[in-house]
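Chain by chain, the residues:
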Amino acid sequence: MLKVFKGFDPRLAAELRSQKRSIIKGLICVGIGAVLTAATIPLTERAIRAIGDAAPVRTDVRSSAPGEDALAEQFGISVVRAREIIAQHPPDVRATLPSAKAISEELGIPLADAESGLDQITTMAAQRESADEASARQNDAIRTLGIICLIVVGVFGLKYFATRGQTYYLSRAALRLASELRIRLYDKLQRMPVTYFNERRTGSIQSVLTNDVNVYQNAVNIIRDSIDGPFKALAALITIFVIQWQLAIVAMLFIPVLAWFVQRNGRRMREAQSKVQESLAVLTGVSQEALSGARVVKAFAAEGRMAKIYNDLVEKTFASQISAVRRYSKLRPIVELVGAVSLATILYICGYMAKAGTLQISEIVALTLALDIINQGARALSNVNNTYNTVQAAAQRIYTQILDAPEEVVDDPGQRTLPEPVGRVEFENVSFTYPDGTVALKNVSFVIEPGTSLALVGPSGAGKSTIADLLLRFYDPSGGRVLFDGVDIRELKGQWYRAQIGVVPQQTFLFAGSIADNLRLGLPEATDGQIHAAARAAHADAFISQTPEGYETQLGERGVRLSGGEGQRLAIARALVREPKVLLLDEATSNLDAQSERIVTEALGEIMQSRTTLFIAHRLTTASRATKILVVRRGEALEYGSHEELTAKDGAYAGMYKAFTSGVLDDDVG
């Protein structure tokens, strides 16, 4: 069925085929419903005829002149010809037909034959139905009408189940399609490189997961409407052929006109809908940023400015939506107008046919009903065209924005794991340049032996965070190698390798959920004993035990119910739960009060004895406690050694430390 749509995305077609069982069941119900709808046309025609038979005198537009049917039948001429003879030779007041002489002259037959024919008509008229016969005819007509009415009720009873099945099975297919797509999208997003998220707004990605997926599931409606409307229209057209084939041919003349309008509007509609989806994505992105940064907005009294930005985007989105509506608003009334012209034309022809006596009232009613069903089918096709272009636009965004985007390659078949990792980290002449051309590192080399620590010191933009990102393999070096236990990390399975590293960021990010759920983030199977031990090591157990529900206490979004120090301690505990070989700390104690900092520092000191630790040191007091210190500036390693070695060397680090101890330089070095 999808092949009838030119350019239908084959990936979308494959998605629909995955739900073919439910779709087929739903379409069977659609077909049954369409057949039952078409069945009402002949039933209506028969019911109107029965009503006419129930009258004291049969009503039939083909008998507009008394005796014309009998005259036509007796002499083998058309009713129209019989009507013309009566009109040219009207009978006198005592008769119902012209004289034998007039009939002989008009038909060119012998007078005797004309007289004989009139005699037979007179004999037949004498045998006209009696009152009892008329009553019997009327009773038969009422019985027939009753049976037809019962059949109509039965038809709509069956249609109830067909409509119910159609709604259930197709809705189930649409919802399952959307659910599975959301799962695939989320799974794909988890495999995206960090650069992907750096280049896109979170709200724009969220818009794909919500707005575009909601539109995408309407693809099921395309199949339904593509069968329902045309099937009803075809059945109605066949009925017209049975009743009056000439009228059916007239109706078919308007089909190419409808197809031309639908095709002409399709491309423009798709372009307009693409702009709608894009503007909605931008609007969603700005909305999410404004809500996430509500504290910052209020702190800077920037509500008015943010409101103006949001209002402008709303207006832009409104303009794109209006453009799409304008396209659609042109198509639907045109389809209805063409349908109305078709209906009016056929009805006008019906008038001439009724005048000629070749059409009954019951047939006129049935034809009108059939034409209305055809018009409904045409309108359904216009809806299909609109839905099709909307779905195509959404599918394009879903695939280009997420599903077709290149993934982070961290687990190749040739990659391996190490049986007994110890956590030796080495950077060997590592250089890195960002995709935009920014040089972040130049030939940086250092080694962190197991059980030792290294502090990275330098101003903002020196390359400290880039070193951490390379260690986590968020990026691969442009030159050189990053080694783990002597093995290039590109040769190791990504998931396994990252499981060897515990990360504590400077800006703590906690998820909505319980404290226990957050602590188990890196190790879902961790026991209660493991998370309690990690919390004690991070000096978090004390405040957790004071909460009403302990480790099952629910945190708000981003952990807003906790203080900065509490959140940081949970982040440290979360890193310790997985018992990593390497700790990556981005000034892990920066948000703690003096007492908590002292206790956590002591705990980390004990923990680091059996682990490799890399500090991104914003404080010189933190850097001084590391086994080794690496001073970086503008992507280059300036100095490398212990605190004592570097102060004795009297280089860049010694200068910073002297300035700090003399009070000239603040403790925070970036």
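Residues numbered from 1 in each chain as written. Predicted model: local features only at pLDDT ≥ 70, side-chain atom pairs only at ≥ 80, totals over all residues. Heavy atoms only, no water.

Draft legend 1. Highlighting the overall build of the protein chain. Within the protein chain one finds 25 helices and 12 strands. Sequence separation of at least 24 residues holds for 76% of the intrachain contacts in the protein chain that already meet a minimum separation of 6. For the protein chain, the computed accessible surface area is about 34100 Å², with 57% contributed by carbon and sulfur atoms. (Helix = DSSP H or I, 4+ residues; strand = E, 2+ residues; numbered from the N terminus. Contact = heavy atoms within 4.5 Å. Areas by Shrake-Rupley, 256 points an atom, 1.4 Å probe, with all protein chains shown as cover.)

Draft legend 2. How the structure looks around the nonpolar core. The biggest cluster of nonpolar side chains holds 41 residues, and the ones touching the most others in it are Leu519, Ile544, Tyr551, Leu570 and Ile629. Among the elements that make up this core, the one with the highest residue count is helix H21 (residues 564–577) (seven residues). Ignoring any residue separated from it by four or fewer positions in sequence, one finds tyrosine 551 in contact with Ser514, Ile515, Ala516, Leu519, Ile531, His532, Ala535, Asp541 and Ile544. Leu472, Tyr475, Phe484 and Leu492 belong to the second largest nonpolar core, which has 33 residues in total. (Core = buried A, V, L, I, M, F, W, Y, C linked by side-chain atoms within 4.5 Å. Buried < 20%, exposed > 50% of the residue type's maximum accessible area, 1.4 Å probe, protein only.)

Draft legend 3. Just the sheet that holds strand E1 (residues 425–433), in detail. Overall, antiparallel pairing links the four strands, which are arranged E2-E1-E4-E5 in an open sheet. Of all the strands in the sheet, the pair left with one neighbour each is strand E2 (439–448) and strand E5 (487–488). Sheet topology note: the E1/E2 ladder contains six bridges and is antiparallel. Within E2, the residue paired with valine 430 across the bridge is valine 444. (Pairing = 2+ DSSP bridges.)

Draft legend 4. Representation of the sheet that holds strand E11 (residues 628–633) in the model. Spatially, E6-E9-E10-E3-E11-E12 is the arrangement adopted by the six strands of the open sheet, whose pairing is mixed. On the outer flanks of this sheet lie strand E6 (501–504) and strand E12 (636–641), each paired with one strand and no other. Pairwise comparison of adjacent strand axes, ignoring direction, gives a mean angle of 15° for this sheet. Looking at chain direction, strand E3 (residues 453–457) and E11 are connected through four bridges and run parallel. From the neighbouring strand, alanine 455 faces E11, where its bridge partner is isoleucine 629. Sitting on the sheet, helix H16 (residues 464–471) is in contact with E3, E6, strand E9 (582–585), strand E10 (612–616) and E11, with an inclination near 145° to E10. (Axes fitted to C-alpha atoms, helices over the stretch in contact; angles between N-to-C directions.)

Draft legend 5. Spatial organisation of helix H5 (residues 100–107). Within H5 the residues assigned to the buried category are Ala100, Ala102, Ile103 and Ser104. Glycine 108, located one to two residues past H5, shows a positive phi value of around 70°.

Draft legend 6. The arrangement of the pattern of salt bridges in detail. Here the structure, examined in full by the defined rule, presents 10 salt bridges. In this structure, arginine 481 engages glutamate 428 in a salt bridge whose closest nitrogen and oxygen atoms are separated by 3.1 Å. Remark: glutamate 428 occurs in strand E1 and arginine 481 occurs in strand E4 (residues 479–484); sequence separation between them is 53 residues. On the basis of relative accessibility, which here comes to 28%, the residue glutamate 428 falls in the partly exposed class. (Salt bridge = Lys/Arg side-chain N within 4 Å of Asp/Glu carboxyl O.)

Draft legend 7. Just the side chain of serine 514, in detail. Among the secondary structure elements, serine 514 is positioned in strand E7 (residues 513–514). In terms of polar contacts, serine 514 uses its side chain to reach the side chain of aspartate 517, at 3.0 Å. Ignoring any residue separated from it by four or fewer positions in sequence, one finds serine 514 in contact with Tyr551, Glu552, Thr553 and Gln554. (Polar contact = N/O pair within 3.5 Å; in protein donor to acceptor, adjacent residues only side chain to side chain.)

Draft legend 8. Here's a closer look at helix H9 (residues 202–216). For H9, built from 15 residues, the straight-helix expectation of 21 Å at 1.5 Å per residue is met to within 8% by its first-to-last C-alpha distance of 20 Å. Of all bends in H9, the biggest is about 30°, found at valine 208. Taken as a whole, H9 has its buried residues at Gly203, Ile205, Ser207, Val208, Leu209, Asp212, Val213, Val215 and Tyr216. (Expected span 1.5 Å × (residues − 1). Bend = angle between axes of the 7 residues up to and from the residue.)

Draft legend 9. Structural context of the packing of aromatic side chains. If you walk through the whole model with that rule in mind, you get eight aromatic pairs. Judged by centre distance (5.2 Å) and plane angle (75°), the ring pair of tyrosine 168 and tyrosine 169 falls under edge-to-face. Look at phenylalanine 427 and phenylalanine 446: their rings are 4.6 Å apart centre to centre, the planes differ by 15°, and that puts the pair in the stacked class. Linking phenylalanine 427 in strand E1 with phenylalanine 446 in strand E2, this pair joins segments that are 19 residues apart in sequence. Accessibility assignment for this pair places phenylalanine 427 and phenylalanine 446 in one class, buried. Grouping aromatic residues by their ring pairs yields a cluster made of Phe432, Tyr434 and Tyr475. (Phe/Tyr/Trp six-rings, centres within 6.5 Å; stacked < 30°, edge-to-face > 60°.)

Draft legend 10. Molecular detail of the side chain of glutamate 426. Structurally, glutamate 426 can be placed in strand E1. For glutamate 426, a relative accessible area of 17% corresponds to the buried category. Among the polar contacts made by the side chain of glutamate 426, one reaches the side chain of arginine 424 at a distance of 3.1 Å. Contact partners of glutamate 426, with chain neighbours within four places excluded, come to Phe446, Val447, Arg481, Val482 and Leu483.

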